[in-house]
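Each chain, letter by letter, is given below.
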Amino acid sequence: MSLARRCSRTACGRPAVNTLTYVYADQTAVLGPLATYAEPHAYDLCDVHSERLSAPRGWEVLRLASDQKAQGPSSDDLLALADAVREAARPAPAPAPLHSTDDPSRGAKRGHLRVLSSTD
């Protein structure tokens, strides 16, 4: 048994190259690059059946071009990833300093609460 996906059309044994899905609410048939995995409500089509595809009257066929060059991440994707790593590696901000009106012997004031030492 071959692991390659085949065309969904009856009696066609050619390898699938595109995936067809329907958007019923918009009356649109979308033909795009082969999906990563087989879905129960999508149809894998070979190149011949992809070219011959027609939709019911009143429906639109949206053909998404497969970009063979875009196999890996783009330079923009790599820059965004590098920026995210740099942001995550930044040290945490320093804690807020004590208020100048705080008396260290009475404890530190943090917001509306005051931390008291056990001697009070």
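Residues numbered from 1 in each chain as written. Predicted model: local features only at pLDDT ≥ 70, side-chain atom pairs only at ≥ 80, totals over all residues. Heavy atoms only, no water.

K.L.:
Can you help me understand the environment of A65 in this one?
P.N.:
By the element assignment, A65 lies in the loop between strand 4 (60-63) and helix 2 (75-89). Placed 33 residues apart in sequence, A65 and G32 show a C-alpha to C-alpha distance of 6.5 Å. (Helix = DSSP H or I, 4+ residues; strand = E, 2+ residues; numbered from the N terminus.)

K.L.:
Where do I start with the packing of aromatic side chains in this structure?
P.N.:
Note on aromatic pairs: each is described by the distance of the centres and the angle between the planes. A complete count under the given rule lists 4 aromatic pairs for this structure. Geometrically, the ring pair formed by Y24 and W59 is edge-to-face, given 5.8 Å between the ring centres and 85° between the ring planes. Residue Y24 is located in the loop between strand 1 (18-23) and strand 2 (28-33), and its partner W59 is located in the loop between helix 1 (47-51) and strand 4; the two are separated by 35 residues in the primary sequence. Owing to a relative accessible area of 60%, Y24 belongs among the exposed residues under this scheme. Overall, the relative accessible area of 22% leaves W59 in the partly exposed class. (Phe/Tyr/Trp six-rings, centres within 6.5 Å; stacked < 30°, edge-to-face > 60°. Buried < 20%, exposed > 50% of the residue type's maximum accessible area, 1.4 Å probe, protein only.)

K.L.:
Would you explain the confidence of the model for the protein in this entry?
P.N.:
The predicted coordinates ought not to be read in detail in places where the model reports low pLDDT. Summary statistics for the protein give a mean pLDDT of 79 and a share of 70% for residues scoring 70 or more. The weakest mean pLDDT in the protein belongs to strand 5 (residues 109-110) at 54; the strongest belongs to strand 3 (residues 43-45) at 95. (pLDDT = per-residue confidence, 0-100.)

K.L.:
Explain the pattern of salt bridges here, please?
P.N.:
Oppositely charged side chains may form a pair once their charged atoms are brought near each other. Evaluated as defined, the whole model comprises 3 salt bridges. For the salt bridge of D83 with R86, the shortest nitrogen-to-oxygen distance reads 2.8 Å. Note that D83 and R86 are positioned in helix 2 at a spacing of 3 residues, about one turn of the helix. Given a relative accessible area of 48%, D83 falls into the partly exposed group. E87 is paired through a salt bridge with R90; the nearest N and O atoms lie 2.5 Å apart. The exposure class assigned to E87 is partly exposed, which follows from its relative accessible area of 47%. With relative accessibility at 55%, the residue R90 sits in the exposed group. (Salt bridge = Lys/Arg side-chain N within 4 Å of Asp/Glu carboxyl O.)

K.L.:
Teacher, can you tell me more about the nonpolar core here?
P.N.:
Generally speaking, soluble globular proteins have nonpolar side chains that are buried together. Membership of the largest hydrophobic core is limited to 8 residues, which are C7, C12, L20, A29, L31, L45, C46 and L53. Each residue touching C12, except ones within four places of it in the same chain, is listed here: C7, C46 and H49. (Core = buried A, V, L, I, M, F, W, Y, C linked by side-chain atoms within 4.5 Å. Contact = heavy atoms within 4.5 Å.)

K.L.:
So what exactly am I meant to see when it comes to helix 2 here?
P.N.:
One turn of the α-helix equals 3.6 residues, which is why residues spaced by three or four share an orientation. Taking 1.5 Å of rise per residue, the 15 residues of helix 2 would be expected to cover 21 Å, and the 21 Å separating its terminal C-alpha atoms lies within 8% of that figure. With 0 of 15 residues buried, helix 2 lies mostly on the surface of the structure. (Expected span 1.5 Å × (residues − 1).)

K.L.:
Mind showing me how you'd approach unusual backbone geometry here?
P.N.:
A positive phi is found at A11, a non-glycine position, where the angle reads about 65°. Along the polypeptide, A11 turns up in the segment before strand 1. What makes A11 exposed here is its relative accessible area of 85%. Positioned with a positive phi, Q27 is a non-glycine residue whose angle comes to about 50°. Here Q27 lies in the loop between strand 1 and strand 2. With a relative accessible area of 42%, Q27 lands in the partly exposed category.

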